[in-house]
Amino acid sequence: MAVVAQRPADAEWPEWANLWRRAWDQLRFDRSYGAFGGETPISFLAIDAFAQRSGVPAEEFDDFHRLLRAMDDVWLVHIGEKLKAASRKRE
């Protein structure tokens, strides 16, 4: 029987963050991948297109972009650390 991890209550997304959660879920694979597993940031064009389709007002786009980019930066650091750890195991 598979064990399903339960998200702790303090790790739930707040209601106000639903747009960013949806953006992250839809855009996180909209990036280039390197031959050895590296990932590039989500492109500005992908973020811009998502914002336009989702009705993000132009005057709020900079904040939307900045927060989504910060989320992506954390993801890229996480992936980089996993790649380094895997590389060390192979040595």
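Definitions and cut-offs
Residues numbered from 1 in each chain as written. Predicted model: local features only at pLDDT ≥ 70, side-chain atom pairs only at ≥ 80, totals over all residues. Heavy atoms only, no water. Helix = DSSP H or I, 4+ residues; strand = E, 2+ residues; numbered from the N terminus. Rg over C-alpha atoms; globule rule 2.2 N^0.38 Å. Buried < 20%, exposed > 50% of the residue type's maximum accessible area, 1.4 Å probe, protein only. Lys, Arg positive; Asp, Glu negative; His and termini not counted. Charge placed at Lys NZ, Arg CZ, Asp CG, Glu CD. pLDDT = per-residue confidence, 0-100. Core = buried A, V, L, I, M, F, W, Y, C linked by side-chain atoms within 4.5 Å. Contact = heavy atoms within 4.5 Å.

### Some words on the overall build of the chain
Argument step 1. Within the chain, the regular secondary structure consists of three helices and zero strands.
Argument step 2. Relative to the compact-globule value of 12 Å for 91 residues, the chain shows a C-alpha radius of gyration of 16 Å, a clear excess of over 25%.
Argument step 3. Projected onto the principal axes, the alpha-carbon positions of the chain cover approximately 50 × 35 × 20 Å.
Argument step 4. Here the chain, with 91 residues, has 22% of them falling under the buried criterion.
Argument step 5. Separation of charge centres in the chain, based on 13 positive and 15 negative side chains, amounts to 8 Å.

### What to know about the confidence of the model for the chain
Argument step 1. Mean pLDDT over the chain works out to 88, with 96% of the residues at or above the 70 mark.
Argument step 2. Ranking the elements of the chain by mean pLDDT puts helix α3 (residues 61-90) last with 90 and helix α2 (residues 44-54) first with 96.

### Here we look at the nonpolar core
Here is a general trend for soluble globular proteins: nonpolar side chains tend to be buried in one another's company.
Argument step 1. Among the nonpolar cores identified, the biggest contains 13 residues, and A23, L27, I42, I47, F64 and L68 are the most heavily contacted of them.
Argument step 2. Among the elements of the structure, α1 (18-27), α2 and α3 are those that each provide at least two residues to this core.
Argument step 3. Not counting residues up to four positions away in its chain, the partners in contact with I42 are W24, L27, R28, D30, R31, I47, R69 and D72.

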